[in-house]
Amino acid sequence: MEKLDEILRTAVDLAAAAPAWLGDRRRAAAAVVEEGRLPTTSDEAWKYTSLKDISDQPYRLATAADALGFAEIDLTHFEHAGSDGPFAVIVNGHLRADLSRLDNLPSGVTLRTLASLSEAELGPLVSTLDGVESAAFSALNLATFGDGLLLDVADGASATNPIALIFVADGQAPLLSAPRIVINAGRNSSVRVIEQYLSVAGNCGLTNCVTNIELAEGACVYHHRLQDEAETSAHIGRIDAKVSSNANLHSDSVAFGGRLTRVDIEVALAGRGARCRLNGLFATHGEQHIDHHTTVDHLVGDTHSEELYRGILDGHSRGVFNGKVIVHRDAQQISARQASNNLLLSRQAEIDTKPELEIYADDVTCAHGATVGNLDEGALFYLRSRGIGNAEARALLTYAFAEQVIESIPLDSVRRAIEQRFIGHTDMSTLAQGIQP
Amino acid sequence: MATNAQDIDAFVDRKYDAGFYTDIEQDTAPPGLNEDVIRLISGKKKEPEWLLEWRLKAYARFLELREPNWAHVEYPPIDFQAISYYSAPKSDADRPQSLDEVDPKLLETYEKLGIPLEEQKMLAGVAVDMVFDSVSVHTTFRDKLAEAGVIFCSFSDAVIDHPELVRKYLGTVVPTTDNYYAALNSAVFSDGSFVYIPKNTRCPMELSTYFRINAMNTGQFERTLVIAEEGSYVSYLEGCTAPMRDENQLHAAVVELVALQDAEIKYSTVQNWYPGDEEGRGGIYNFVTKRGDCRGARSKISWTQVETGSAITWKYPSCVLKGENSVGEFYSVALTNNLQQADTGTKMVHIGRGTRSTIISKGISAGRSQNAYRGLVRIAAGAEGARNYTQCDSLLLGDRSAAHTFPYIECKNPSAQIEHEASTSKISDDQLFYLRSRGIKQEDAVNLIVNGFCKEVFKELPMEFAVEAQKLLGISLEGAVG
Amino acid sequence: MLEIRNLHAEVDGNEILRGINLDIAPGETHAIMGPNGSGKSTLSHVLAGRDGYTVTAGTVHFNGKSLLELEPEERAGEGIFLAFQYPVEIAGVNNVYMLKAALNGVRAYRGEAELGAVDFLKLVKSRVKAVGLDESLLNRPVNEGFSGGEKKRNEVFQMSVLEPRLAILDETDSGLDIDALKAVAEGVNALRDAERSFIVVTHYQRLLDYIVPDHIHVLSKGRIIKSGGKELAHELEARGYDWLTSEAAA
């Protein structure tokens, strides 16, 4: 980033204005960024993703004033099952209460800005915020985030209606916005959260967002992350989740948009009986670049993970998937499965996939698989022999390939977006059901 | 499971049967690495000027490079100035005079492996009159090879006798600038082997038994070059199931293979260098660069390796598939125990149309060892219809051992098909009990299961070595129960 | 030959066997029947020495030797053979090679000389014919890709080569059609003689039409609740287990 130093200076101003607990952390985080700078392709974790494009941009840190220009959100973007549910609109990193609907949050669920929390309420959050400082962008987020939001789910609360958090990157100027979300799911609670990232046409900002999810014992969190920003925007996102015993995290990460997207998802399975399911779908065309890095840490025994990521690469685009599973010493009776399947549709597109296993215990059943290929010729022929045109058959198969990953997302709009993208119209989903590519 | 734990303890307790040591004066250059040392090596070998220049250029590059740190291995910094880069072959007077002077444990291992007496003497470095026998054996081999037009000699001899071939191919597969250790090897390589198979020639024998005897004393910076002309075939085996003695800690070899149109090279390795003791003291650092170029259409290079030795193995025998429809294969068994560390795998670089590759990797980790598979499959944009199949399985014996899998898959061609599968699990309690309930002792049961796990790789080895490799794993497991 | 006294065993802290008493003389065939969960398979596994079962009380003597202190392979050496309900598949390990290792392991235990390859193959050839196992299966990996019937026949074939003194057939009939069942039973019957004993563990009477036992024991909740002659099987077939279990409870 051309003006990184300037941004860090702004961060120091932010720190001075913040309450002491946050100010110290902001300063420390800014120092981490200043010391380590931003990663390059010689860093193993950034081997396939060059930051050159964004490092040349003269980003300026978005302020609360930058959030005011945005007037109205098109609700069709996040229509979902029971679309009368609650939603928060965050523009350039700052909450726009006036555009949000938060009066219908399910009982037991609260959504507040971090700044509004009392010292006592903050206590348990501090370590959460500290945990990710070592990664450059999460440190940058800590140093610069605007309105941090805390979504609290009380013990035993069961919120069936999804809660949508809609992040909008507004404006044409190269703004850096840094949303920060903390989701605290209490014991045996259950909640479904949608995080959707959008940007206005022609936006060339950078969204650098971090979500912390803490699942207490027996909690169940469905987290659907959808990135559909304009193809001029840049997006660097991160989820850090900690799953306690018998808790269950389901994470979907769907990325269609953005010029450059990098998403890191790190899950710590920290208590016996903890489970996670990570699903991902990325579809790229044009000059897009989408990179997902996931890490599942099996810290204790009797923890289980499943992961399915699918990529569809077209045009001159590039997709990256790096999925790491670590089984720590003495973490016995582990199962971990991971699959990375990729469709390469164009001669100019590229996929780089790297599923990794690091195992330090012996009573484990771990497996991963990765495939790269084109559509199954046999299935294509089958469809065509039934009278379906070549292009349509290909579209159907591509759609079906994508659909399998996101079946659990309760958002018709997502399904429609996929249909639109691969089939060109939106009434084929029933036809495509049951076709296995 | 209790029995399993016993087995594993026993496995962990196995001793390296070749841990003997001799203290012998040598004609050795003083420790240190600089241009003068390189000139000394080149001069002692009476090398032509161009080769000295080549070495010096590599050295200059070496000074610019940094030691790689991405492998999943840990070791204290190597002091390259503390190593002596030249030592003359030992005179007969310095060697053991008969097998009686050789560590009986070593002989026991040879016995178990079924190695003939003459070879045992060779392997143990005994200086005796049996050279007569062996000379005649060599002469027979040499005649047979010469008849076929095959050149097979030490690298040093090749530099003198076939300079045009050496100059044409040396460094064309692994450039001097390739990596840190390849640059070091290029600067200071001691000796190695040279193989040239003429057009449309099938090498009349496996270059194995012969080589096994000749492989001694090639030094720690070995250089091998194998050239298979159009339509030729050669099967080459380096190393030996028998543990070889060596006082050098760092080994940085370079192997280059060139397969021209319709040629096939089968390169098999059995590596059983000293792995260090139970506490990880001593042992060889084996940092090897091996690469084959499938330059011609329909050429094929097949690597098979059984890696059981060395304290640290850092090794990725690779294939660059340039020729249309060329084929690369990699079959590997890597077994680590105690505090051994292995980071090994392959690179399959698909450049030509219709190129195919297969990777089968079997890792076995015991004790407190670290065993990593690291492999790259790269499909270039022009590799129309390329195919790769990769399977890597890890077997864990003991809860202090670790197994890792790091596959890199990079694809730029939509018509390519890549399939990668990996699994990690511990040795199966059900299988162990089944075999034991049939009356098979648990150490034998473990041995059977481990050998079964490695079967797909062993069947790629030349027959005699497959048998030896199985025995080798057997011995590892057998020494276990005390 | 086999004397089981007051045998108690548990798995993961749950008591499965609660005082089994059983005597088997040379040449006898005993059937152990009982509803699911009665402890039949546990008894087989405890006798063969599988890990994961804790014997909390009781003794088992085999030809005067205390069996419970022996490792599984030592029990095989003593002449115990367990035909598995679910024979295990072992990738890459040749069936016949495994058997040779087993036979020589058993012989070594008994202080007998190893059988050479030629004699061993002769033995295998004769036995493979006797049990009607497809010869092509001999050189395949142990049980890998075998059909259910082939696996069971392979168990009987192994038994015929190892010539145990006491064979335990653990639900050998499960998953077999009638033809396969008959074939397996024929193989077993061919091995019956005045010295060799069998324990046939089964849920159904069907198998006992083909392998006719001398004694039948009904196992329920870890105890033998009824013993009788071969006619007991037909009674069970006609009346089920309930009358017995309720009788025992009363």
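This one's a predicted model, so the numbers in the text were calculated from it and none came from an experiment.

A. Inspection of the overall build of chain A at higher detail. Tallying secondary structure elements over chain A gives nine helices and 21 strands in all. The C-alpha atoms of chain A give a radius of gyration of 21 Å, which matches the 22 Å a tight globule of 437 residues would have. The buried share among the 437 residues of chain A stands at 60%. Look at the contacts in chain A between residues 6 or more apart in sequence, and 84% of them connect residues 24 or more apart. With the model as given, the accessible surface of chain A reaches about 15700 Å², and the carbon-plus-sulfur share is 49%. With 36 positive and 58 negative side-chain charges, chain A shows a separation of 3 Å between the mean positions of the two kinds.

B. Summary view of the interface of chain B and chain A. Counting residues at the interface gives 33 residues for chain B and 36 residues for chain A. For the pair chain B and chain A, the two sides together bury roughly 2800 Å², of which 48% comes from carbon and sulfur. Across the chain B-chain A interface, the total number found is three salt bridges. Across the pair Glu350 of chain A and Lys412 of chain B runs a salt bridge, and its minimum N-O distance is 3.6 Å. Here chain B and chain A share 17 residue pairs in polar contact (both at pLDDT 80 or more) between them. Looking at the side of chain B that touches chain A, the elements that each hand over two or more residues are β17 (402–411) and β18 (417–426) of chain B. Per-class residue counts for the side of chain B that touches chain A are 13 nonpolar, 12 polar and eight charged. Both strand β20 (residues 350–359) of chain A and β17 of chain B contribute to a ladder of six bridges, which runs antiparallel.

C. Local environment of the interface of chain C and chain B. The interface is formed by 32 residues belonging to chain C together with 20 residues belonging to chain B. Buried surface at the junction of chain C and chain B, summed over both partners, amounts to about 2100 Å²; 63% is from carbon and sulfur atoms. The leading source of residues in the side of chain C that touches chain B is helix α3 (residues 95–109) of chain C, at six residues. By residue class, the composition of the side of chain C that touches chain B is 20 nonpolar, six polar and six charged.

D. Quick look at helix α3 (residues 49–64) of chain B. Between its first and last C-alpha, α3 of chain B extends 23 Å over 16 residues, near the 22 Å set by a 1.5 Å rise per residue. Close packing links the buried residues of α3 of chain B with α2 (35–44), α7 (155–161), α8 (163–169), α9 (180–188) and β3 (223–228) of chain B.

E. The arrangement of the sheet that holds strand β1 (residues 2–11) of chain C in detail. Residue and element names in this part refer to chain C. One open sheet holds the four strands; their spatial order is β2-β1-β4-β5, and the pairing between them is antiparallel. Looking at strand neighbours, the two that pair on one side only are β2 (14–24) and β5 (65–66), the edges of this open sheet. Summarising the sheet, β1 and β2 pair through eight bridges and their orientation is antiparallel. Opposite Leu2, over in β2, you have Ile24 as the bridge partner.

F. Geometry of the nonpolar core. In terms of nonpolar packing, the biggest core is built from 106 residues, with Ile364 of chain B together with Leu2, Ile4, Phe157 and Ile199 of chain C touching the most fellow members. The element contributing the most residues to this core is helix α12 (residues 442–458) of chain B, with nine residues. Sequence-distant contacts of Phe157 of chain C, that is, excluding residues within four places in its chain, are made with Leu99, Val124, Arg127, Val128, Val131, Leu133 and Leu138 of chain C. Leu111 and Ala274 of chain A together with Ala383 and Ala386 of chain B belong to the second-largest nonpolar core, a separate cluster that totals 86 residues.

G. A look at the confidence of the model for chain A. Residues and elements named next belong to chain A. Per-chain confidence: chain A averages 86 in pLDDT, with 90% of residues scoring 70 or above. Element-level mean pLDDT values for chain A span from 34 in helix α9 (residues 429–432) up to 97 in strand β16 (residues 289–298). Note on residues 425–437: pLDDT is under 50 here. Beyond four places in sequence and across chains, it has 25 contacts.

H. Expanded view of helix α11 (residues 429–437) of chain B. Residue and element names in this part refer to chain B. α11 sits mainly inside the fold: seven of its nine residues count as buried. Taken together, the buried positions of α11 are Gln431, Leu432, Phe433, Tyr434, Leu435, Arg436 and Ser437. A distance of 3.2 Å separates the backbone nitrogen of Asp430 from a side-chain oxygen at the start of α11, and that oxygen is part of Ser428. Remark: Gly439 follows α11 within two positions and exhibits a positive phi of approximately 100 degrees.

I. Quick peek at the confidence of the model for chain C. Of the residues in chain C, 98% have a pLDDT of 70 or more, and the chain-wide mean is 88. Listed scores for the predicted complex are pTM 0.84 and ipTM 0.86.

J. The packing of aromatic side chains, seen in detail. On inspection of all chains with the given rule, the structure shows 25 aromatic pairs over all chains. Aromatic side chains Phe155 of chain B and Phe189 of chain B sit 5.3 Å apart centroid to centroid with 80 degrees between the ring planes, which places their arrangement in the edge-to-face category. In this pair, Phe155 of chain B sits in helix α7 while Phe189 of chain B sits in the loop between α9 and β2 (192–197), placing the two residues 34 residues apart along the sequence. Judged by relative accessible area, Phe189 of chain B falls into the buried class, the value being 1%. Clustering of aromatic rings is evident, with ring pairs tying together Tyr59, Phe62, Trp70, Tyr75, Phe80, Tyr180, Tyr181, Tyr285, Phe287, Trp314 and Tyr316 of chain B. A cation over an aromatic ring shows up here: Arg310 of chain A above the ring of Phe401 of chain A, its NZ or CZ 4.6 Å from the ring centre. Across from the ring centre of Tyr233 of chain B, 4.0 Å away, lies the NZ or CZ of Arg202 of chain B, which sits over that ring.

K. Local environment of the packing of helix α1 (residues 4–17) of chain A against helix α2 (residues 20–36) of chain A. Residues and elements named next belong to chain A. Relative orientation of the contacting elements α1 and α2 amounts to 165 degrees, with a least axis distance of 8 Å. The angle between α1 and α2 places the two elements in the roughly antiparallel class. Between α1 and α2 lies a crossing of left-handed hand. Contacts between α1 and α2 involve Leu4, Asp5, Leu8, Ala11, Leu14, Ala15 and Ala16 on the former and, on the latter, Gly23, Arg26, Arg27, Ala30, Val33 and Glu34.

L. View of the side chain of Gln305 of chain B. Residues and elements named next belong to chain B. Counting through the fold element by element, Gln305 comes out in strand β9 (residues 300–307). Among the residues examined, Gln305 registers a relative accessible area of 2% and is labelled buried. Every residue in contact with Gln305, bar those within four places of it in the chain, is listed here: Thr269, Lys315, Pro317, Phe330, Tyr331, Ser332, Val333, Thr344 and Val457.

M. Representation of the pattern of salt bridges. One pass over the full model with this rule turns up 54 salt bridges over all chains. Lys426 of chain B is the salt-bridge partner of Asp429 of chain B, the closest N and O atoms lying 3.9 Å from each other. You can call Asp429 of chain B partly exposed: its relative accessible area is 25%. Residue Lys426 of chain B is classed as buried on the basis of its relative accessible area of 17%. In this structure, Glu78 of chain C engages Lys65 of chain C in a salt bridge whose closest nitrogen and oxygen atoms are separated by 2.7 Å.

N. Quick peek at the pairing of strand β8 (residues 197–202) of chain C. Residue and element names in this part refer to chain C. Of all six residues in β8, six are buried, a share of seventy percent or more. With burial as the criterion, each face of β8 is covered, one bearing Ser197, Ile199 and Val201 and the other bearing Phe198, Val200 and Thr202. Relative to β8, strand β7 (residues 166–170) runs parallel, the two being bridged by five bridges. Looking at β8, one finds that Ile168 is bridged to Ile199. You can see the chain leave β7, run along helix α6 (residues 178–191) and come back into β8, and the turn it takes is right-handed.

O. Fine view of the packing of α1 of chain A against helix α5 (residues 136–144) of chain A. Residues and elements named next belong to chain A. Put simply, α1 and α5 touch, their axes get as near as 8 Å, and they point 45 degrees apart. Classified by the angle their axes make, α1 and α5 are oblique. Contacts between α1 and α5 involve Leu4, Ile7, Leu8, Ala11 and Leu14 from the former and Leu140, Ala143 and Thr144 from the latter. Residue composition of the contact of α1 with α5, by class: seven nonpolar, one polar and no charged.

Definitions and limits used
Residues numbered from 1 in each chain as written. Chains lettered and ligands numbered in written order. Predicted model: local features only at pLDDT ≥ 70, side-chain atom pairs only at ≥ 80, totals over all residues. Heavy atoms only, no water. Helix = DSSP H or I, 4+ residues; strand = E, 2+ residues; numbered from the N terminus. Rg over C-alpha atoms; globule rule 2.2 N^0.38 Å. Buried < 20%, exposed > 50% of the residue type's maximum accessible area, 1.4 Å probe, protein only. Contact = heavy atoms within 4.5 Å. Areas by Shrake-Rupley, 256 points an atom, 1.4 Å probe, with all protein chains shown as cover. Lys, Arg positive; Asp, Glu negative; His and termini not counted. Charge placed at Lys NZ, Arg CZ, Asp CG, Glu CD. Buried area = accessible area lost by both parts, 1.4 Å probe. Salt bridge = Lys/Arg side-chain N within 4 Å of Asp/Glu carboxyl O. Polar contact = N/O pair within 3.5 Å; in protein donor to acceptor, adjacent residues only side chain to side chain. Nonpolar A, V, L, I, M, F, W, Y, C, P; charged D, E, K, R; others polar. Pairing = 2+ DSSP bridges. Expected span 1.5 Å × (residues − 1). Core = buried A, V, L, I, M, F, W, Y, C linked by side-chain atoms within 4.5 Å. pLDDT = per-residue confidence, 0-100. Phe/Tyr/Trp six-rings, centres within 6.5 Å; stacked < 30°, edge-to-face > 60°. Lys NZ or Arg CZ within 6 Å of the ring centre and 35° of its normal. Axes fitted to C-alpha atoms, helices over the stretch in contact; angles between N-to-C directions. Parallel < 35°, antiparallel > 145°, perpendicular 65-115°, else oblique. Left-handed = near helix turned anticlockwise from the far one by under 90°. Right-handed = clockwise from strand over helix to strand, strands pointing away.

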